[in-house]
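Here are the chains, one letter per residue:
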Amino acid sequence: MELEFGTLKHNEIKEAVELAARAFEDYEYVKTFFPDIEERRRMLRSVIYRMGLTNFKRSHFLCARSEGKLVATAMINDPQYKKPSPFQYILHGWLMVYRKVNMRRLNDWIAMDVKAQKPCHDYQKTGPDIWYGSSLAVDPSIQGIGVGTRFHVFIENYIREHGGKQYVFFTNSKKNRALYTYYGYKVFDECEIEHDGKKIGSWSMKKNLY
C-alpha cells in the first residue's frame, strides 16, 4: 500500500474522528466504562471531535493517507504544549458531550484517563525535549499490514526533525505494549485500573530518539 504522510488539514477533522472512533471502539480502555456499543460510539465521536477542535492549533496532528483517504491519525504534543482551560473546552462545545452519554460513566472515564496520562506528563517535566503521544489510530480495515509501523516511523522522524529527543505515551493494550516493546520502547510505569469490578492494565512507555 502506498502511503502519503503529512499533517492533518482542518477540513479533515471529521474524517479523522470517524477513523479514530472505529479504531478505539473495541478497546478495553473504553468498553470497560461504556459496555453499550451505541453509547460507546457516541462518546468516542463526541469526545474525539471536541478534543480535536480545542487542540487543533495547540497539538501536532499527523496523518497517513492512501489514495487521498485517511488511514491513520495521531495527536502528539511538544514540550511547549499548554493544556486548554475549561473555558476553552466549553467554547468548543464540550458540554455537548454530556448530552450524548451517561454523565457518571463519562466522568469516571475522564478520571481514569487523567490517571493513566499522569506518569507521562510527570516524566515530560524531567527534560526539555520530551514529546507526548496523546493518541494514535489506524483504520481497523487495514490493520496488520504494516501501516501502523510505517506511520510510527514517520512520527518518530517528525519529532526528531522538530528537536524532540524522547517520545512517551501510554497504552492499555497488552498487544500494543508487546508491539511497542518490539519497536524499542520501554515501560517506565505501570498501574492497574479498576472499574465496576473489572481491571485493566496501563503501561507508560518511552523511547530515546537520538
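Everything here concerns the structure above.
1. Some remarks on the overall build of the protein
From N to C terminus, the protein includes 7 helices and 7 strands. Starting at the N terminus and walking to the C terminus, you meet the elements of the protein as β-α-α-α-β-β-α-α-β-α-β-α-β-β. Relative to a compact globule of 210 residues, whose C-alpha radius of gyration would be 17 Å, the protein shows 16 Å and is just as compact. The principal-axis extent of the C-alpha atoms belonging to the protein is close to 45 × 40 × 35 Å. A total of 210 residues make up the protein; the buried ones form 49% of that total. Long-range contacts, defined as pairs at least 24 residues apart, comprise 73% of the intrachain contacts of the protein with a sequence gap of at least 6. For the protein, the accessible surface area stands at approximately 11,400 Å², while carbon and sulfur atoms represent 52% of it. A gap of 3 Å separates the mean positions of the 33 positive and 25 negative side-chain charges of the protein.

2. Here we look at the sheet that holds strand E5 (residues 166-171)
With mixed pairing, the 7 strands of this open sheet are ordered in space as E1-E2-E3-E4-E5-E7-E6. With one partner strand each, in any of the chains shown, strand E1 (4-7) and strand E6 (186-195) form the two edges of the open sheet. For this sheet, the mean angle separating the axes of adjacent strands, direction not counted, is 25°. Where strand E3 (residues 69-77) and strand E4 (residues 130-138) come together, 6 bridges link them in antiparallel fashion. Across the sheet, residue Ala74 finds its bridge partner in E4, namely Leu136.

3. Section: the packing of aromatic side chains
Scanning all chains against the criterion turns up 18 aromatic pairs. One aromatic cluster is present, built from ring pairs that chain together Tyr167, Phe169, Tyr180, Tyr182, Tyr183 and Tyr185. Taking the ring centre of Trp203 as reference, the NZ or CZ of Arg177 above it sits at 4.4 Å.

4. Comments concerning the pattern of salt bridges
Across all of its chains, the model carries 14 salt bridges by this definition. For Arg22, the salt bridge goes to Asp139, with nearest N and O atoms at 2.9 Å. Of this pair, Arg22 sits in helix H1 (residues 13-24) while Asp139 sits in the loop between E4 and helix H6 (147-161), and the two are 117 residues apart along the sequence.

5. Concerning the side chain of His152
Here His152 shows up in helix H6. One polar contact links His152 to Tyr185, side chain to side chain, over a distance of 3.0 Å. Those residues within four positions of His152 in sequence are excluded, and the remaining contacts are Leu136, Tyr167, Phe169, Tyr180, Tyr183 and Tyr185.

6. Here we look at the nonpolar core
Ranked by size, the top nonpolar core spans 39 residues in total, and within it Leu8, Phe34, Met43, Leu106 and Trp109 carry the most contacts. Contributions of two or more residues to this core are made by H1, helix H2 (28-31), helix H3 (37-55), strand E2 (60-66), E3, helix H5 (103-124), E4 and E5. Per-element accounting of this core gives the leading share, 8 residues, to H1. Discounting chain neighbours no more than four positions away, the residues touching Leu8 are Ile13, Ala16, Phe56, Phe61, Leu62, Cys63, Arg65 and Leu70. Core analysis: the second largest hydrophobic core is formed by 23 residues, Ala74, Phe151, Tyr180 and Tyr185 among them.

Parameters and conventions
Residues numbered from 1 in each chain as written. Predicted model: local features only at pLDDT ≥ 70, side-chain atom pairs only at ≥ 80, totals over all residues. Heavy atoms only, no water. Helix = DSSP H or I, 4+ residues; strand = E, 2+ residues; numbered from the N terminus. Rg over C-alpha atoms; globule rule 2.2 N^0.38 Å. Buried < 20%, exposed > 50% of the residue type's maximum accessible area, 1.4 Å probe, protein only. Contact = heavy atoms within 4.5 Å. Areas by Shrake-Rupley, 256 points an atom, 1.4 Å probe, with all protein chains shown as cover. Lys, Arg positive; Asp, Glu negative; His and termini not counted. Charge placed at Lys NZ, Arg CZ, Asp CG, Glu CD. Pairing = 2+ DSSP bridges. Axes fitted to C-alpha atoms, helices over the stretch in contact; angles between N-to-C directions. Phe/Tyr/Trp six-rings, centres within 6.5 Å; stacked < 30°, edge-to-face > 60°. Lys NZ or Arg CZ within 6 Å of the ring centre and 35° of its normal. Salt bridge = Lys/Arg side-chain N within 4 Å of Asp/Glu carboxyl O. Polar contact = N/O pair within 3.5 Å; in protein donor to acceptor, adjacent residues only side chain to side chain. Core = buried A, V, L, I, M, F, W, Y, C linked by side-chain atoms within 4.5 Å.

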